[in-house]
4 protein chains.
Amino acid sequence: MPKNVNHDERREEVVDAARRIILRDGLEAATTRAIAREAGYSNGVLAHYFADKDDILLSALRSSHRRIVHRLRRKLAGRTGLAALRELLLDNLPLDEERAAETGLEMGFWSRSLSSPALLAVQRQEAAELRHLVRSLLGAAASSGEIATGDDLDDVTERLLALVDGLSVHRLLYPDRAGADRLERLLDAELNRLRPGA
Amino acid sequence: MPKNVNHDERREEVVDAARRIILRDGLEAATTRAIAREAGYSNGVLAHYFADKDDILLSALRSSHRRIVHRLRRKLAGRTGLAALRELLLDNLPLDEERAAETGLEMGFWSRSLSSPALLAVQRQEAAELRHLVRSLLGAAASSGEIATGDDLDDVTERLLALVDGLSVHRLLYPDRAGADRLERLLDAELNRLRPGA
Amino acid sequence: MPKNVNHDERREEVVDAARRIILRDGLEAATTRAIAREAGYSNGVLAHYFADKDDILLSALRSSHRRIVHRLRRKLAGRTGLAALRELLLDNLPLDEERAAETGLEMGFWSRSLSSPALLAVQRQEAAELRHLVRSLLGAAASSGEIATGDDLDDVTERLLALVDGLSVHRLLYPDRAGADRLERLLDAELNRLRPGA
Amino acid sequence: MPKNVNHDERREEVVDAARRIILRDGLEAATTRAIAREAGYSNGVLAHYFADKDDILLSALRSSHRRIVHRLRRKLAGRTGLAALRELLLDNLPLDEERAAETGLEMGFWSRSLSSPALLAVQRQEAAELRHLVRSLLGAAASSGEIATGDDLDDVTERLLALVDGLSVHRLLYPDRAGADRLERLLDAELNRLRPGA
DNA sequence: CATGAATGAGTGTTCATTCAT
DNA sequence: TATGAATGAACACTCATTCAT
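Residues numbered from 1 in each chain as written. Chains lettered and ligands numbered in written order. Predicted model: local features only at pLDDT ≥ 70, side-chain atom pairs only at ≥ 80, totals over all residues. Heavy atoms only, no water.

### Observations regarding the overall build of chain A
For step 1, the next point in the chain: Summing up its helical and strand segments, chain A has 9 helices and 0 strands in all.
For step 2, the next point in the chain: When the helices and strands of chain A are placed in sequence order, the string is α-α-α-α-α-α-α-α-α.
For step 3, the next point in the chain: The principal-axis extent of the C-alpha atoms belonging to chain A is close to 65 × 40 × 30 Å.
For step 4, the next point in the chain: Total accessible area computed for chain A in this model is approximately 9,400 Å², and 48% of it derives from carbon and sulfur atoms.
For step 5, the next point in the chain: Taken as two groups, the 30 positive and 32 negative side-chain charges of chain A have centres that lie 2 Å from each other. (Helix = DSSP H or I, 4+ residues; strand = E, 2+ residues; numbered from the N terminus. Areas by Shrake-Rupley, 256 points an atom, 1.4 Å probe, with all protein chains shown as cover. Lys, Arg positive; Asp, Glu negative; His and termini not counted. Charge placed at Lys NZ, Arg CZ, Asp CG, Glu CD.)

Printed below as a string of structure tokens:
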């Protein structure tokens, strides 16, 4: 009767350790040894659960996204159109510790994606899903008359997501000027601007 | 009789080399040896002019900013108010190879700043200057009646800069959806929105 | 009630697996995990039947020799003297894929033997048996008048076996110049040379 | 005035260290660390003089061959035809410590060549030169009437070189049966056999 | 000043071996 | 007996840094 561990569970343990390190000390500090130590294992264990370091990092990125999606799903339940969109975009802003950590991780991967095709592919795939979701919420809001129909909705989608990402970066780098209240206010203004009367 | 070397000049040579490498091959390719080679010196020379590698990288970041400021000064010459602001923000978007490389450099430093107080300090200082400039151009535009006076100008400043940063990230990571034309269109729409009639 | 496992049988299964890997992929590919997997067991099982990896490799070498001997025994059945000798020496040449793989295995062990007393001992023991067999076939051929009696038969034995080994090496390393036809021709010439008339 | 070392000299130092380890402990023991230590340097030094480990090993092989060629050139000076051939072949037998070491190194590379195209290429190139030399000495001997003209000289070349390699292996693995005197005697018999009267 | 040789810690990865289950 | 999780040392290689010349 062998000692039998749940592989997915163990992977998650290690991936969580990786996430903690990336958030605390940066992507550069996330060496395989550091990850193993943070997870409470010897460095050799990683080989049992991951093909290589990239596998760990990619899993960490995907895991982070999955968490966000889960949280979002709860928040969006029962909401539609503009209200759902607002919830989604607000959730993407680093307004508390948890989401600030998520944004930090994301930023670490951004620059690394520029020189790693595999990472970039994952990044793009996940971003495309988010963009698609925003776009369809906008479409629904337009259909129901919640928002004006003058603007190109693809443009609006891009503008909203860019603004959210920009504000997120600023919140982490320049918290003094990008306070939580200002972020929320700016986002709401942006959404109100879409309404028919505006 | 010691050879009289202009320290600042030599530092600049090396820093330029570092900047070129980061722009061309990314932050991770900027090893001390690669920098020394790019500058045309032996690797040992770095020790005479820099405390350590971080000293070089920080200087490279500042140097990149200085170059941007110089280019901007030329572009802004003779322009005021909204026209100047438009020039400034457009210049910050990665609309050609050169500025795409600059954005890449910037993104590399963003994530490092999150775990390096020294980098973060530099980053903040330079960002504050840019913010101040935008804010004062907006102030001038408001005074001259070029833009409406309803909005809080600090909010507008933050919104514009966040949008520019967000669009920049998207242009690099998702060039398909963030084409040069869309970026320019979105920026112009944002500026027109400020005008009194809007 | 302990499960009653036939130790020798299990050892043989594992050793066969090791042999297959060495023949197929080379000595360096024969890691303990690869061997266990090839045998259809978990890696931990090896500890029950072998002292260590060397124990497995040594056994694999012996196993390969044993197989060669078996094959030879079939080929030699009913033959005596020079005809038997010819069959034996031909069998030792890597004239088909199977025997080329065997020669590769052998060569791998040769160099390891130079720095491993245990391996060397096995190697010598097996080589002695082969030498003895050749020598006695030569003796029989001399007695029956099949070959001339001028030469020292120990010298002839050594010459024939050295030639076979040298040709084998050349066939693997320089197949262009050591084609199968040339090998066979050279061997036959060598045997004919022993005949009384020559 | 920088400390300036002769690169080729330093490479040779390291390559000699590698040779010593390979001969003493086998090719497997020739790790980069072991080589650096044997050479009296830290492990990082290798990077200055070699592209990678293969570069060291290949250099060791070539260096060994170069030494042999040099020694041979001296021995062959003033000799031609059969006498030169005899000197060449004798020199290739491991009849003293130095040449036993050379043979040991060679054998280590043989098996590794089977799974390393780069090594195999070098091995083949060097072997081709030796083969060519033997062949032309045989040609000269035939022209001058020193040897009989019945045999195909390519066959003879292959036979002689295979015999030498086979005897060399046996001398290292089975010194008891492949004594220096027997090797020499067998080689001379082989050469005499070529003479017209034989 | 400048060189570049040298260091040694650190990287990701592999692997024989141990051992609780 | 058999499992496979876990270990930790070893591997080749990279790199910022030091320092004699």
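### Some thoughts on the relation of the copies chain A and chain B
For step 1, the next point in the chain: When chain A is fitted to chain B, the residual RMSD is 1.0 Å, and the transformation amounts to a turn of 177 degrees plus an axial shift of 0.2 Å. In the structure described here, the two chain copies are related by an operation that fits a two-fold rotation axis.
For step 2, the next point in the chain: In this assembly, 93% of the residues forming the interface of chain A have copies in chain B that are likewise at the interface, indicating an isologous arrangement. (Least-squares fit on C-alpha atoms with pLDDT ≥ 70 in both. Contact = heavy atoms within 4.5 Å.)

### Here we look at the arrangement of the chains
For step 1, the next point in the chain: Separated throughout, chain B and chain C approach each other most closely at a C-alpha pair spaced 34 Å apart.
For step 2, the next point in the chain: Regarding chain A and chain D, which are not in contact, the minimum distance between any of their C-alpha atoms is 21 Å.

### What about the pattern of salt bridges?
For step 1, the next point in the chain: Applying the stated criterion to the full structure yields 96 salt bridges over all chains.
For step 2, the next point in the chain: With its nearest N and O atoms 3.1 Å apart, the salt bridge here joins E158 of chain A to R177 of chain B. Within this pair, whereas E158 of chain A is found in helix α8 (residues 153-173), its partner R177 of chain B is found in the loop between α8 (153-173) and α9 (180-192), the two belonging to separate chains.
For step 3, the next point in the chain: Note that E190 of chain D and R193 of chain C form a salt bridge whose closest N and O atoms lie 3.3 Å from each other. Residue E190 of chain D is located in helix α9 (residues 180-192), and its partner R193 of chain C is located in the segment after α9 (180-192); the two belong to separate chains.
For step 4, the next point in the chain: Owing to a relative accessible area of 23%, R193 of chain C belongs among the partly exposed residues under this scheme. (Salt bridge = Lys/Arg side-chain N within 4 Å of Asp/Glu carboxyl O. Buried < 20%, exposed > 50% of the residue type's maximum accessible area, 1.4 Å probe, protein only.)

### Comments concerning the side chain of D91 of chain B
All names here are of chain B.
For step 1, the next point in the chain: Following the sequence through the fold, D91 ends up in helix α5 (residues 81-92).
For step 2, the next point in the chain: Taking relative accessible area as the criterion, D91 reaches 1% and is therefore assigned buried.
For step 3, the next point in the chain: Other than its neighbours up to four places away in sequence, D91 contacts I68, R71, L72, K75 and R99.

### Section: the side chain of S59 of chain D
For step 1, the next point in the chain: If you trace the backbone, S59 of chain D turns up in helix α4 (residues 53-76).
For step 2, the next point in the chain: Leave out the neighbours within four places in its chain, and S59 of chain D touches R11, V15 and F50 of chain D.

### Here's the deal with the interface of chain A and chain B
For step 1, the next point in the chain: Counting residues at the interface gives 41 residues for chain A, matched by 39 residues for chain B.
For step 2, the next point in the chain: Between chain A and chain B, a total of about 3,500 Å² is buried, with carbon and sulfur atoms accounting for 60% of that surface.
For step 3, the next point in the chain: Of all residues in chain A, E158, L173 and R177 of chain A bury the most surface against chain B, accounting for 17% of the area lost on that side.
For step 4, the next point in the chain: Where chain A meets chain B, there are 10 salt bridges.
For step 5, the next point in the chain: Counting across the interface, chain A meets chain B through 15 residue pairs in polar contact (both at pLDDT 80 or more).
For step 6, the next point in the chain: Elements with a contribution of two residues or more to the side of chain A that touches chain B: α1 (7-25), α6 (97-113), α7 (117-143), α8 and α9 (180-192) of chain A.
For step 7, the next point in the chain: Considering every element that reaches the side of chain A that touches chain B, the biggest residue donor is α8 of chain A, with 14 residues.
For step 8, the next point in the chain: A per-class count over the side of chain A that touches chain B returns 16 nonpolar, 8 polar and 17 charged. (Buried area = accessible area lost by both parts, 1.4 Å probe. Polar contact = N/O pair within 3.5 Å; in protein donor to acceptor, adjacent residues only side chain to side chain. Nonpolar A, V, L, I, M, F, W, Y, C, P; charged D, E, K, R; others polar.)

### Thoughts on helix α6 (residues 97-113) of chain C
For step 1, the next point in the chain: With 17 residues, α6 of chain C ought to run about 24 Å at 1.5 Å a step, and its terminal C-alpha atoms sit 24 Å apart, in line with that.
For step 2, the next point in the chain: Taking burial as the measure, the 17 residues of α6 of chain C include 12 buried ones, the bulk of the element. (Expected span 1.5 Å × (residues − 1).)

### Concerning the domain arrangement of chain A
Residues and elements named next belong to chain A.
For step 1, the next point in the chain: Structurally, chain A comprises domain 1 (1-50) and domain 2 (53-192).
For step 2, the next point in the chain: Its C-alpha centre places domain 1 at a distance of 27 Å from the equivalent point of domain 2.
For step 3, the next point in the chain: The partner domain 2 presents 16 residues to the 17 residues of domain 1 that form the contact.
For step 4, the next point in the chain: Summed over both sides, the interface between domain 1 and domain 2 buries roughly 1,400 Å², with carbon and sulfur atoms accounting for 69% of that surface. (Domains from an automatic or database assignment.)

### Here's the deal with the packing of α4 of chain D against helix α5 (residues 81-92) of chain D
Helix-helix packing: each pair is described by the crossing angle between the helix axes and the interaxial distance.
Residue and element names in this part refer to chain D.
For step 1, the next point in the chain: Contact pair α4 / α5: the axes reach a minimum separation of 10 Å and the direction vectors enclose 150 degrees. By the criterion of interaxial angle, the relationship of α4 to α5 is roughly antiparallel. With respect to the hand of their crossing, α4 and α5 are arranged in right-handed fashion. Every residue of α5 that contacts α4 at I68, R71, L72, K75 and L76 is listed here: A84, E87, L88 and D91.
For step 2, the next point in the chain: A class-by-class count of the residues in the contact of α4 with α5 yields 5 nonpolar, no polar and 4 charged. (Axes fitted to C-alpha atoms, helices over the stretch in contact; angles between N-to-C directions. Parallel < 35°, antiparallel > 145°, perpendicular 65-115°, else oblique. Left-handed = near helix turned anticlockwise from the far one by under 90°.)

### Section: helix α8 (residues 153-173) of chain C
For step 1, the next point in the chain: Over its 21 residues, α8 of chain C runs 30 Å from end to end, which matches the ideal 30 Å to within 8%, given 1.5 Å per residue.
For step 2, the next point in the chain: Taking the backbone nitrogen of D154 of chain C as reference, a side-chain oxygen 2.8 Å away marks D152 of chain C as the first, capping residue of α8 of chain C.

### What about the environment of L133 of chain A?
For step 1, the next point in the chain: Turning to its location among the elements, L133 of chain A is positioned in helix α7.
For step 2, the next point in the chain: A C-alpha to C-alpha distance of 27 Å links L133 of chain A and D16 of chain A, two positions 117 residues apart in sequence.

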